[in-house]
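Residues per chain, in single letters:
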Amino acid sequence: MRVSSDFLVIGSGISGLIYALKAAQCGTVSLLSKDQITEGSTFYAQGGIAAVFDEKDSIDIHVEDTLEAGDGLCLREVAQEICSDGPKVVQELIDNYNVKFTNKKGEIDLGLEGGHSQRRVLHAQDKTGIELQTKLVDAAKKEQNISIFENHVAINLFTDNNVCFGAYVYDKTKGKIMNFQASVTTIATGGAGKAFLVTSNPDVCTGDGIAMVYRAGAKIINMELIQFHPTSLYHPHAKAFLITEAMRGEGAKLVDKDGNRFMNKYHPKKELAPRDIVSRSIDAELKASGDDSVFLDITHKDPAFVKERFPMIYERCLTFGIDITAQLIPVVPAAHYTIGGIKATTSGETTIKNLLAIGEAACTSFHGANRLASNSLLEALVCGSKAAKLGSTICIDTGAPSKRPFPKWDPGEAEDSDEMVIIKQNWDEIRRFMWNYVGIVRSNNRLKRASHRLDIVMKEINQFYWDFKIHPHLLDLRNLAQVAELIIRCAKGRKESRGVHYSIDFPMKSDVLYNTELQISMVDRIPINEEL
Ligand code: FAD
Ligand code: SIN
């Protein structure tokens, strides 16, 4: 089956939604979501969006904070562009899409997070993501030009001669492969946190867009730069639940099991030190003590304030028997944000014609080597909006989407009861060795071991991928293995410690600034419907 539209948008988080809403003013949009339309990192965002809304603050200070966190790898002109556009795009959310941010005494309440020298984080209590995702989805559902395809998983792009014509997509409900053709295809598939055993990311974050675009031949950069959030809830039944940095911004302290505060040993800014430093400090404490977690303590604050400011966290922790107004919260670091990704400009241009990339899947060099808290929703919003402008120009120049037929996709025939066991084993194995060998602290030896393990897993995947019937888990596994391979290869290429990348073999920063860049060579390139 074939679906043809002016714009194909793969991903329905904040970047895909804002892009789709704006592109729909120019033409027809097919908006894909691999699960339900609300599922993605955006929905789970807690802290908020960073933008200059206070008279005491300025764009220049926001830029400087961003550059300081980015540890040398941010592009200043990109930071200037994104921070400058921030107030305008955030105001549009309020005016055009009815997004309601928390107010205090009639003014927008601005939160503080690590690395920010000013209060500049707009939030909806601790449910910012729910507010953004639901309001933007409501708007997309009302837009006549947008057709929403939930439970549709993009498998591969169809490119020819470095031009993109759309994508092969698997309809999970019908079990069928479809061809989506478009004048402009936009990747808004989010990050790859699921490559790690412990992550704050939801299940859809398997790096599909990055893997697809790599297979199609575009440039991928800085994949080793994975940001670990210091505080995700540690509880056997809590899957990927974040405790926002904003809680430390409101005075929560990190303590060990005996109640001793430890961040003063590591950084003058203590709990509000940059994220990489807080995560590594917790990792060091846990390795030294052998404990399973450290703890966040907000019990010294007025319980009414805690319940009002962090209602979702309060309720959720209560379901696990933890009353955060009176008890310590057990926390551990978790893989949180994919800083590297598809090399893209702030308007989403990639190295493939008519293919744009936005949001967490893209890397514009805004975040450098370490992302400043709450700067990712901002980047997704600014770049999603700018990309819609560029996409509309491309669409007008290209005219109607090309009618050329896609080569037929071979969906595979065989079914095997062993298949799921192999998929699960490979999936668990990748996530475990990525956590242990390619996590918060890395070394040459650990990376070598990870490469070795991955080679074995990739050989197994290649052996059965094309024979067996397409299954969403198999698609996820193939992409997860691909992004793991990219992360390891880039980590080996960064022979220094900078930002979120820390290697005990190269503990210092290099004098030279560089990005790690990967592009499948033409010799390695694989026809889209043949072997991986
Ligand atoms: P996402 O919102 O992740 O959406 C990805 C979309 O792509 C989904 O719709 C998914 O279904 C779809 N998709 C993926 N693969 C495919 C495929 N193969 N086919 C079809 N569709 C596909 N950042 C901040 O700035 N402030 C915060 O407070 C904040 N809090 C966070 C809290 C948590 C728990 C997490 C996980 C992240 C947080 N972040 C925060 C980061 C931020 O939420 C994300 O970077 C941002 O939401 C990413 O938006 P996105 O549009 O790029 O992708
Ligand atoms: C948080 O609320 O701590 C997450 C903010 C972010 O990742 O930017």
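Heads up: these notes are all about the structure in this document. Just so you know, these numbers come straight off a predicted model, no measurement behind them.

### Considerations on the site of ligand 2
In the vicinity of ligand 2, the contacting residues are Q46, G47, E113, H229, L242, T244, E245, R275, H336, R371, A373 and S374. G47 is positioned with one of its backbone polar atoms (N or O) 2.9 Å from an oxygen atom of ligand 2. Separating an oxygen atom of ligand 2 from a side-chain N or O atom of R371 is a distance of 2.7 Å. In isolation ligand 2 offers 260 Å² of accessible surface; the protein chains occlude 93% of this area. Here the residues of the shell around ligand 2 sort into two nonpolar, six polar and four charged.

### Considering the sheet that holds strand β12 (residues 220-221)
Pairing is mixed in the open sheet, where four strands are placed in the order β19-β17-β12-β20. Two strands bound the open sheet, and with one partner strand each, they are β19 (362-363) and β20 (517-518). Here strand β17 (residues 341-343) runs beside β19; their pairing, made up of two bridges, is parallel. Bridging across to β19, K343 finds its partner in C363. Relative to the sheet, helix α6 (residues 208-216) contacts β12, β17 and β20, its axis offset from that of β17 by approximately 45°.

### Some words on the pattern of salt bridges
Taken as a whole, this structure holds 31 salt bridges when the rule is applied. A salt bridge links E271 to R261; its shortest N-O distance comes to 2.8 Å. One end of the pair, E271, is in the loop between β14 (253-255) and α8 (275-289); the other, R261, is in the loop between β14 and α8, with ten residues separating them in the sequence. In this structure, R280 engages D276 in a salt bridge whose closest nitrogen and oxygen atoms are separated by 3.3 Å. Of this pair, R280 and D276 both sit in helix α8, four residues apart, which is roughly one turn of that helix. Shared partners join several salt bridges into a network, and the residues in it are E224, R494, E496 and R498.

### Notes on the environment of H471
For H471, the location among the structural elements is in the loop between α13 (444-465) and α14 (472-493). Considering only alpha carbons, one finds H471 and R442, 29 residues apart in sequence, at a separation of 33 Å. In this structure the side chain of H471 is engaged in a polar contact, spanning 3.0 Å, whose partner is the backbone nitrogen of H473.

### Focus: the sheet that holds strand β7 (residues 121-122)
With antiparallel pairing, three strands are arranged side by side in an open sheet as β3-β7-β6. The open sheet has two edge strands with one neighbour each: β3 (49-50) and β6 (110-111). Direction of pairing for β3 relative to β7: antiparallel, over a ladder of two bridges. Looking at β7, one finds that I49 is bridged to L122.

Calculation criteria
Residues numbered from 1 in each chain as written. Chains lettered and ligands numbered in written order. Predicted model: local features only at pLDDT ≥ 70, side-chain atom pairs only at ≥ 80, totals over all residues. Heavy atoms only, no water. Near = heavy atom within 4 Å. Polar contact = N/O pair within 3.5 Å; in protein donor to acceptor, adjacent residues only side chain to side chain. Areas by Shrake-Rupley, 256 points an atom, 1.4 Å probe, with all protein chains shown as cover. Nonpolar A, V, L, I, M, F, W, Y, C, P; charged D, E, K, R; others polar. Pairing = 2+ DSSP bridges. Helix = DSSP H or I, 4+ residues; strand = E, 2+ residues; numbered from the N terminus. Contact = heavy atoms within 4.5 Å. Axes fitted to C-alpha atoms, helices over the stretch in contact; angles between N-to-C directions. Salt bridge = Lys/Arg side-chain N within 4 Å of Asp/Glu carboxyl O.

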